[in-house]
Amino acid sequence: MNTVEPVVKDIERWTPARWDQIIANQSLKEYFWDMIWCIRQEGHRSGFNMLLTGNSRGGKTSGITLGIKALGCFHLDMDTFNPCGRCANCQAKIGLYGNDGYENWVDLYEDEETAKKAVRFLYLPLDCTRLNEADIDNVLGKVRVNDGNLKIVYLDEVHRLTRRGLDEQLLKPLETCEAIWIASSAYVRKDERGDATDDFRRPSSLEKMFQNRFTFRLETQKPTMDELTLWLAERCEEWGIRVEDAEQTLQRLAERSCCLPGMALQILNKAHKRRSKLLTRQLVEEHVFDLDE
Ligand SMILES: Nc1ncnc2c1ncn2[C@@H]1O[C@H](COP(=O)(O)OP(=O)(O)O)[C@@H](O)[C@H]1O
Ligand SMILES: [Mg+2]
Ligand SMILES: [Zn+2]
């Protein structure tokens, strides 16, 4: 089944709708493909806890969002793992902001024909920058219900919890609740690759909280300049953006955005907002990047 590609009006809010639109981040893709398979074909319900670290604007949140969409899609293509884009679950907004019902139960019994194995799941994405104690209690109440349904909690920017001392509340449930906990963080320790002794002597709060709680520890990867240049050319074609002096302009764009796709999209968005839909070298050179934190 073909996926539906809506006309893109706002590149700043664009997120990949198919796996081939995600550049690099192969281990993240594999994680979701395995997870979706195990859940939908074999009935797994837990054991997939995953902590994803990596640069801001490197595809953590958008990759996880696509994975969740695919998991709940009523007409999921089990070869490509691409969601259909038109079923009730695909149409539901499941972003972290301004959502309209990402908490809904997704009941794959609704379509027994295509669902290999019925899954009911509750998806709870949490923005840890704004979460308070009451929010955490509320979520835990839902996760603790022992009904055999699949529950997935997504803790976005999880380092903010530790900074605000809210992590304690989640430590035990992370281990004891039958759920899948997914966390992402732009925070990466400087001594990330240190050995075990190092870790012991210099525990960071993030490390301490997550020691042994996440079976899967993944990192996003930056694409190479050439890969990103190619990906940008594909996006420009998809969105009807013409590029002046294409090869050099796109290469320079990849370079200026430090090979972070989300950074490069800031400039594509500007070109897309022009009547001419023209991306120029000047636009690339003059852009001031919007950085966070
Ligand atoms: N590897 C990637 N492949 C495709 N799109 C990406 C990738 N990385 C970032 N993006 C795009 O850039 C935007 C910002 O990425 P996001 O997933 O929010 O990054 P993070 O959560 O790591 O800060 C997303 O909307 C997404 O469209
Ligand atoms: Mg993010
Ligand atoms: Zn769907």
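Residues numbered from 1 in each chain as written. Chains lettered and ligands numbered in written order. Predicted model: local features only at pLDDT ≥ 70, side-chain atom pairs only at ≥ 80, totals over all residues.

1. Some details on the overall build of the protein chain
Selection criterion: Strands here mean DSSP runs of E at least two residues long; helices mean DSSP runs of H or I at least four residues long; both are numbered from the N terminus. Exposure criterion: with C-beta atoms placed from backbone coordinates, a residue whose C-beta has 20 or more other C-beta atoms within 10 Å is buried, one with 12 or fewer is exposed, and one in between is partly exposed. What counts as a contact here is a pair of residues whose C-beta atoms, placed from the backbone, lie within 7 Å.
Regarding its fold elements, the protein chain presents twelve helices and eight strands. Going through the 293 residues of the protein chain one by one, you find that 37% of them count as buried. A fraction of 71% describes how many contacts in the protein chain between residues 6 or more apart in sequence connect residues 24 or more apart.

2. So, the pairing of strand S4 (residues 150–156)
Rules: Strands are treated as partners if at least two bridges between them are detected by DSSP.
With respect to burial, S4 is a largely interior element, seven of its seven residues being buried. Inspection of the sheet shows S4 paired to strand S5 (residues 180–185) by five bridges, in the parallel sense. Across the sheet, residue Val-153 finds its bridge partner in S5, namely Trp-181.

3. With respect to the confidence of the model for the protein chain
Rules: Along the chain, pLDDT gives the predictor's confidence residue by residue, from 0 to 100.
In this model, the protein chain carries a mean pLDDT of 83, and residues with pLDDT of at least 70 account for 80%. Across residues 97–105, confidence stays below pLDDT 50; counting only partners more than four residues off in sequence or on other chains, it has 14 contacts. Scored below 50 in pLDDT, residues 190–203 makes five contacts in the model with residues more than four places away or belonging to other chains.

4. Notes on the pairing of strand S1 (residues 50–53)
Moving residue by residue along a regular strand, the side chains alternate between the two faces of the sheet. Along S1, one buried face is formed by Met-50 and Leu-52 and the opposite face, lined by Leu-51 and Thr-53, is buried too. Sheet topology note: the S1/S5 ladder contains four bridges and is parallel. Considered in S5, the bridge of Leu-51 is made with Ala-183. By the bridge criterion, four bridges tie S1 to strand S6 (residues 216–219) in an arrangement that is parallel. Of the residues in S6, the one forming a bridge with Thr-53 is Glu-219.

5. Some remarks on the environment of Ile-136
Inspection of the secondary structure assignment puts Ile-136 in helix H4 (residues 133–144). For Ile-136, a count of 19 C-beta atoms within 10 Å translates into the label partly exposed. Note: C-alpha distance between Ile-136 and Leu-166 (30 residues apart in sequence) is 8.6 Å. When neighbours within four sequence positions are excluded, Ile-136 is seen to be in contact with Leu-131, Leu-166, Gln-169 and Leu-170.

6. Here's the deal with the site of ligand 1
The test is simple: Any residue whose backbone-placed C-beta atom lies within 6 Å of a molecule or strand is treated as near that molecule or strand. Each residue receives one of three labels: charged for Asp, Glu, Lys and Arg, nonpolar for Ala, Val, Leu, Ile, Met, Phe, Trp, Tyr, Cys and Pro, and polar for the others, Gly being one of them.
Around ligand 1, the structure places 19 residues, and the nearest of them are Gly-59, Lys-60, Thr-61, Ser-62 and Gly-262. Counting only elements with at least two residues in the shell around ligand 1, the list comes to helix H2 (60–72) and helix H11 (261–272). Class assignment of the residues belonging to the shell around ligand 1 gives a composition of seven nonpolar, ten polar and two charged.

7. Structural notes on helix H1 (residues 26–42)
Worth spelling out the cut-off: To estimate how far a helix should reach, multiply one less than its number of residues by 1.5 Å.
Here H1 spans 23 Å end to end across 17 residues, near enough to the 24 Å set by a 1.5 Å rise per residue. Buried residues along H1 sit in contact with S1, H2, S4 and S6.

8. A look at the environment of Val-153
Structurally, the position occupied by Val-153 is in strand S4. C-alpha separation for the pair Val-153 and Val-143, spaced ten residues apart in sequence, amounts to 8.3 Å.

9. A look at the nonpolar core
The following threshold applies: A set of buried residues qualifies as a nonpolar core if it consists of Ala, Val, Leu, Ile, Met, Phe, Trp, Tyr and Cys joined through C-beta atoms within 7 Å.
Within the largest apolar cluster, 44 residues are counted, with the highest numbers of intra-cluster contacts made by Ala-70, Ile-152, Val-153, Leu-155 and Ile-182. Elements with a contribution of two residues or more to this core: H1, S1, H2, strand S3 (120–127), H4, S4, helix H6 (168–176) and S5. The element contributing the most residues to this core is H1, with six residues. Each residue touching Val-153, except ones within four places of it in the same chain, is listed here: Leu-124, Leu-126, Val-139, Val-143, Ala-179 and Trp-181. Core analysis: the second largest hydrophobic core is formed by 22 residues, Trp-14, Leu-228, Leu-250 and Leu-268 among them.

10. Re unusual backbone geometry
At Asn-25, a residue that is not glycine, the phi angle is positive and equals roughly 50°. In this fold, Asn-25 is placed in the segment before H1. Residue class for Asn-25 comes out buried when judged on the 25 C-beta atoms lying within 10 Å of it.

11. Quick look at the packing of H4 against H6
Going by this rule: Angles here are taken between N-to-C directions and fall from 0 to 180 degrees, while the axes themselves are lines fitted to C-alpha atoms, restricted in helices to the stretch in contact. Geometric relationships in this document are graded by angle, where less than 35 degrees denotes roughly parallel, more than 145 denotes roughly antiparallel, 65 to 115 denotes roughly perpendicular, and other angles denote oblique. Rotating anticlockwise by less than a right angle from the far helix to the near helix defines a left-handed crossing, while the corresponding clockwise rotation defines a right-handed one.
H6 packs onto H4 with a crossing angle of 10° between their chain directions and a minimal axis gap of 11 Å. Classified by the interaxial angle, the pair formed by H4 and H6 is roughly parallel. You can see that H4 and H6 cross each other, and the crossing is left-handed. Along its contact with H4, which presents Glu-133, Ile-136, Leu-140 and Val-143, the element H6 presents Gln-169, Leu-170 and Pro-173. Residues of the contact of H4 with H6, tallied by class, amount to five nonpolar, one polar and one charged.

12. So, the packing of helix H9 (residues 225–238) against H11
Two numbers describe how H9 lies on H11: the axes approach to 11 Å, and their chain directions differ by 40°. As judged from the angle between their axes, H9 and H11 are oblique. Crossing hand, H9 versus H11: right-handed. Of the residues in H11, those touching H9 at Leu-228, Trp-231, Leu-232, Arg-235 and Cys-236 are Pro-261, Ala-264 and Leu-268.

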